[in-house]
Protein chains: 2
Amino acid sequence: MKKILNPNKNEWSALTQRPTKNYKDIEGTVTQIFKEVQQKGDVAVTKYTSFFDGIELSKIRVSDVELKEAIVLVPNELKDAIKQAKTNIEAFHSAQKTARIEIETTEGVTCWQEKRPIQKIGLYIPGGTAPLFSTVLMLAVPAQIAGCKEIVLCSPPDREGKINPAILYAAKLCGVTQILKVGGIQAIAGMTFGTETIPKVYKIFGPGNQFVTVAKQVATQFGVAIDMPAGPSELVVVADDSANAAFVASDLLSQAEHGADSQVILVSTSKQMIEKVEKEVEKQLKVLPRKTTAEKAIANSKLIYIENVATALAFINEYAPEHLIIVTENEDFYLNGIQNAGSVFIGKYTPESAGDYASGTNHTLPTNGYAKNYSGVNLDSFLKAMTFQKITETGIQNIGKTIEIMAEAEGLQAHKNAVTLRLKSLEK
Amino acid sequence: MKKILNPNKNEWSALTQRPTKNYKDIEGTVTQIFKEVQQKGDVAVTKYTSFFDGIELSKIRVSDVELKEAIVLVPNELKDAIKQAKTNIEAFHSAQKTARIEIETTEGVTCWQEKRPIQKIGLYIPGGTAPLFSTVLMLAVPAQIAGCKEIVLCSPPDREGKINPAILYAAKLCGVTQILKVGGIQAIAGMTFGTETIPKVYKIFGPGNQFVTVAKQVATQFGVAIDMPAGPSELVVVADDSANAAFVASDLLSQAEHGADSQVILVSTSKQMIEKVEKEVEKQLKVLPRKTTAEKAIANSKLIYIENVATALAFINEYAPEHLIIVTENEDFYLNGIQNAGSVFIGKYTPESAGDYASGTNHTLPTNGYAKNYSGVNLDSFLKAMTFQKITETGIQNIGKTIEIMAEAEGLQAHKNAVTLRLKSLEK
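Numbering of residues starts from 1 in each chain and follows the order in which that chain's sequence is written. The order in which chains are written sets their letters, starting at A; the order in which ligands are written sets their numbers, starting at 1. For a predicted model such as this one, the threshold for reporting local features is a pLDDT of at least 70, and the threshold for listing and counting side-chain atom pairs is 80 or more; totals across whole chains, interfaces and linings nevertheless cover every residue. No hydrogens and no water enter the side-chain calculation; it runs on all heavy atoms of the structure.

As recorded in an unreviewed UniProt entry, chain A goes by the name Histidinol dehydrogenase, listed as coming from Flavobacterium saliperosum. Looking at the Catalytic activity (unreviewed entry) heading of the UniProt record, one finds this comment for chain A: "L-histidinol + 2 NAD(+) + H2O = L-histidine + 2 NADH + 3 H(+)". UniProt positions are given in the numbering used here, feature names are shortened, and annotations may be inferred rather than shown by experiment. Of chain A, the UniProt comment under Function (unreviewed entry) reads exactly: "Catalyzes the sequential NAD-dependent oxidations of L-histidinol to L-histidinaldehyde and then to L-histidine."

Following this line, the structure appears as structure tokens:
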């Protein structure tokens, strides 16, 4: 781990930098596959599934029989865990419902805002070694609360043409309306254009490798919205002497095991704590099954000593971490001052993995500094805020003149005329 | 105007199509200017201002003296109109504030969501013939309510090096913190990278021509967020025999005068109403100052007769208009059934221009079918929803097992370990 002592403000830019990737090579492949899926539909999808996933599928859609068979395979203990997590995620996201906001801005002028669900959404769930059924919960639960009508889930099949049973179980439990065995670029392309089997959707959610990330970006060129730009996972822990070094080390490592490019940073006002955490990391790292991955991430990670708490806070705000753990005596100082972070974990007994699975908050969060300008996924991610207005005869008489004057000053005579005609009709 | 009678569902895709633009030519220019502004800052900005706006500026920033001088030039009548509009916009957007949402999902596990302002935002206000001071209100008012710290406004100078006084007046009134005389691609690039004079911002809002639109898209490649993808303005009016044909025509024309590519559609269950509106449009069009523009838009506009109300509603939802005016006897049918629209105007005395200026709703709305997946600009556009969680000893004992089981099943041992360590420390 790299140790940095009281960095100067002119070093912050380098310290807050994330590894930049060059997506140009990938873009060509993505554009090519998009074109083929747009033109040939399922034929192209099946071809690329065979190519990338090594399996010839006769049917893309997961059948009810397959679903039932898979559900039996999920251990009861895991089912119960998934159910408890779901209950908490449901509670927290249901609490985010907002009532219709109505206000009479001027006598006779009533305006209101209502949120209505995005009708068709797509969830992408990666396959591979770590079956992310937790992400199914994080996306399908709020989608169902929001009232999205079609919830389509795409996940790549394994070499036997199957999707991990826990993913299928979670999907069924959370009201996913269609599950498709398709992954990677071809899945995103399928949901963008629609094929014979894959429904076209309006917004695509979910994590993925660099191919999926670029494919989601390309999808936005075709009118599809996406949850957010994705990047490697990140954690900043801010700790003083009151923290437990072993706990801090375990949190840093849990982020580090995600990938070699994971971003892990400890900011501390205590040099002793930095030493202790460093030792604990070394110790705990040795016994991890994903040691090789975590080791690479840890090699790039930073232990930053910042003497002054205000400076520490300012640095964290500049970094804008996806996850922030606060383990300091005066936690309110950081809590009130943090402006840019995806999700914040407070105190000794709040590991970041609680938010990944079961506390109730969402784990789909802005990385790569996007916490400065993006929210994490929340109930509103599945809704659109629409506005409405109804003006009475009195209302148009009250604001008509104002509209006429403003429209005239902007040189928009027809805008003015729409009001003038109405006002004239009301003259007695 | 094109008349279409009871279109078949297979014609809908053509009828809901917007004109597509090829931005490829523009992209090269945009990328080039971005590169130069990134490397040379103000020097590049000044060069392109001279090139595109025909004026050599020694100072980019609008000074306090300039601001004072300009404010004197705005007629009192217009100042009062702007103030009334501001009051209504403020009332409606203040009502959109949401309290902190806090919930104990499991005993000892407290989660909450709080919204915090995006610290630095940029507003782009086009110059040219129509000075859009109304857009200043629509963007700066909610930004100020949200609590954004830096509100930067860029607008191109005229040939005398000035910005329209009404824009400056509105900016000053609504708490814009810096006003810069810079337009087009160079303005967007300046706010993306920051220059000696132009502050770097986290999110850029506002309309613009095709160069600005592409520049905003390119800006997103550099970590900046934007309000939404922009396209030509649109209006759908749904009217039955109860509507006033002259009013409907005036609304269609007020949208048509925006640009030759404006999208204007009347959907009606009454053939008579279609005939009447067509005649009224012809009559009113003749006397408009922006007749040439409106004429072109009207030539492409459509009068669609749909016999069945359910089909009419389904068509409108498929079109997903930026603006929808409902002037029918059974307005609740459309009101309850509309899923995809930016802003909805109900009844005879609610012209679309009311929402453009003074009713209180926002006029920055999704075009080009984006009403299916995007909200219009609202208070939340200037905020990020952040989540927080605090878990007690009891809390981690309550959900610890669940996290361990799920992390293990996803193959993430370090995630599990972060919990196990804490649980063990609590064993007596």
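A. The overall build of chain A, seen in detail. Strands are runs of DSSP state E lasting at least 2 residues, helices are runs of H or I lasting at least 4, and numbering of each runs from the N terminus. When helices and strands are tallied, chain A shows 17 helices and 14 strands. In terms of its C-alpha atoms, chain A occupies a principal-axis envelope of roughly 90 × 60 × 45 Å. Evaluated residue by residue, chain A yields a buried proportion of 62% over its 428 residues. Within chain A, counting contacts between residues at least 6 apart in sequence, those at least 24 apart form 75% of the total. Note on areas: Shrake-Rupley, 1.4 Å probe, and residue coverage restricted to the protein chains presented here. Carbon together with sulfur atoms contributes 48% to the accessible area of chain A, which is approximately 16,300 Å² in total. Of the side chains in chain A, 46 bear a positive and 47 a negative charge, and the two mean positions are spaced by 5 Å. The buried label goes to any residue with under 20% of its type's maximum accessible area, the exposed label to any with over 50%, and the partly exposed label to all in between, with areas taken from a 1.4 Å probe on protein chains only. Any pair of residues with heavy atoms lying within 4.5 Å of one another is described as a contacting pair. Charged residues are defined here as Lys and Arg on the positive side and Asp and Glu on the negative side; His and the ends of the chain fall outside this count. A charge is said to be at NZ when it belongs to Lys, at CZ for Arg, at CG for Asp and at CD for Glu.

B. Examining the sheet that holds strand S4 (residues 120-124) of chain B more closely. Residue and element names in this part refer to chain B. Here, any two strands with at least 2 DSSP bridges between them count as paired. The sheet built from five strands is open, its strands ordered S6-S5-S4-S7-S8 with parallel pairing. Since the sheet does not close on itself, it has two edges, and those belong to strand S6 (178-181) and strand S8 (225-226), each with one partner. In terms of strand pairing, strand S7 (residues 203-205) meets S8 through two bridges, oriented parallel. Note on S8: the bridge partner recorded for Ile-204 is Ile-226. Where helix H8 (residues 184-193) meets the sheet, its contacts fall on S4, strand S5 (150-155) and S7, and the angle it forms with S4 comes to roughly 175 degrees. Axes here mean lines fitted to C-alpha atoms, for a helix over just the part in contact, with angles spanning 0 to 180 degrees between N-to-C directions.

C. Highlighting the interface of chain B and chain A. Listed per partner, the contact involves 119 residues of chain B and 119 residues of chain A. Where chain B abuts chain A, roughly 10,000 Å² becomes buried across the two surfaces, and 60% of that area is made up of carbon and sulfur atoms. Its largest share of buried area at the contact with chain A, chain B owes to Tyr-349, Glu-410 and Arg-422 of chain B, together 8% of the area lost on that side. Salt bridges, as used here, are contacts in which a Lys or Arg side-chain nitrogen is within 4 Å of a carboxyl oxygen on Asp or Glu. Taken together, chain B and chain A are joined by four salt bridges. The salt bridge involving Glu-331 of chain A is made with Lys-390 of chain B; its shortest N-O contact spans 2.2 Å. Accessible area that two parts lose when put together, evaluated with a 1.4 Å probe and summed over both, is termed the buried area.

D. Expanded view of the pattern of salt bridges. All names here are of chain A. Overall, the coordinates contain 32 salt bridges over all chains when judged by the stated rule. A salt bridge links Lys-416 to Glu-408; the nearest nitrogen and oxygen atoms lie 2.5 Å apart. Look at Lys-416 and you get buried, because its relative accessible area is 18%. It is possible to trace a salt-bridge network through shared partners that takes in Arg-100, Glu-102, Glu-114 and Arg-116.

E. Just the pairing of strand S5 (residues 150-155) of chain A, in detail. Residues and elements named next belong to chain A. Counting buried positions along S5 yields five of six residues, so the element is predominantly enclosed. Judged from the four bridges that link them, S5 and strand S6 (residues 178-181) form a sheet pairing that is parallel. Pairing of Cys-154 across the sheet is with Leu-180, part of S6.

F. Inspection of the domain arrangement of chain A at higher detail. Residues and elements named next belong to chain A. Domain extents, as shown, originate in an automatic or database domain assignment. Its domain assignment divides chain A into domain 1 (2-20 + 232-360), domain 2 (23-229) and domain 3 (392-425). Computed from C-alpha atoms alone, the centre-to-centre distance between domain 1 and domain 2 is 31 Å. Roughly 540 Å² is buried in total at the junction of domain 1 and domain 2, and carbon and sulfur atoms are behind 54% of that figure. When the buried area of domain 1 at its contact with domain 2 is split by residue, Tyr-357, Ala-358 and Gly-360 rank highest and sum to 73% of it. Across the contact surface, domain 1 and domain 2 share zero salt bridges. The definition of a polar contact used here is a pair of N or O atoms within 3.5 Å, where within protein one atom must be able to donate a hydrogen and the other to accept one, and adjacent residues in sequence count solely through side-chain atom pairs. Applying the counting criterion to the domain 1 and domain 2 interface returns one residue pair in polar contact (both at pLDDT 80 or more). Each residue is assigned to one class: nonpolar for Ala, Val, Leu, Ile, Met, Phe, Trp, Tyr, Cys and Pro, charged for Asp, Glu, Lys and Arg, and polar for all the others, Gly among them. Residue composition of the side of domain 1 that touches domain 2, by class: two nonpolar, three polar and two charged.

G. Representation of the environment of Val-65 of chain B in the model. All names here are of chain B. Its place among the elements puts Val-65 in helix H4 (residues 64-73). Given the relative accessible area of 54%, Val-65 is considered exposed. Placed 216 residues apart in sequence, Val-65 and Val-281 show a C-alpha to C-alpha distance of 46 Å.

H. Broad picture of the UniProt feature "binding site: substrate" (unreviewed entry) in chain A. Residues and elements named next belong to chain A. Taken from the UniProt record, the annotation "binding site: substrate" (unreviewed entry) applies to Ser-233, Gln-255, His-258, His-323, Asp-356, Glu-410 and His-415. A maximum C-alpha distance of 55.5 Å among these annotated residues, which run over 183 residues, shows that they spread across the structure rather than meeting at one spot. Its place among the elements puts Gln-255 in helix H10 (residues 245-256). For Gln-255, a relative accessible area of 0% gives the class buried.

I. Examining the packing of helix H4 (residues 64-73) of chain A against helix H7 (residues 165-173) of chain A more closely. All names here are of chain A. At a minimum axis separation of 8 Å, H4 and H7 run at an interaxial angle of 110 degrees. Taken together, the axis directions place H4 and H7 in an arrangement best described as roughly perpendicular. As for the relative orientation of H4 and H7, their crossing is left-handed in sense. Across the interface between the two elements, Leu-67, Ala-70, Ile-71 and Leu-73 of H4 pack against Pro-165, Leu-168, Tyr-169 and Lys-172 of H7. Here the residues of the contact of H4 with H7 sort into seven nonpolar, no polar and one charged. Angle categories are assigned with fixed cut-offs, so that under 35 degrees is roughly parallel, over 145 is roughly antiparallel, 65 to 115 is roughly perpendicular, and the rest are oblique. Crossing chirality is assigned from the near helix's rotation relative to the far helix, an anticlockwise turn below a right angle marking it left-handed and a clockwise turn marking it right-handed.

J. Representation of the relation of the copies chain B and chain A in the model. Fitting of the copies onto one another was done by least squares over C-alpha atoms, counting residues only where both copies have pLDDT of at least 70. The operation relating chain B to chain A is a screw motion whose rotation component is 180 degrees, with 0.0 Å of axial translation and a residual RMSD of 0.0 Å. Such a combination of turn and shift is consistent with a two-fold rotation axis. Using C-alpha coordinates, one finds that chain B approaches the rotation axis most closely at Thr-98 of chain B, a distance of 4.1 Å. In this assembly the copies share their binding face: 100% of the residues contributing to the interface of chain B also contribute to that of chain A.

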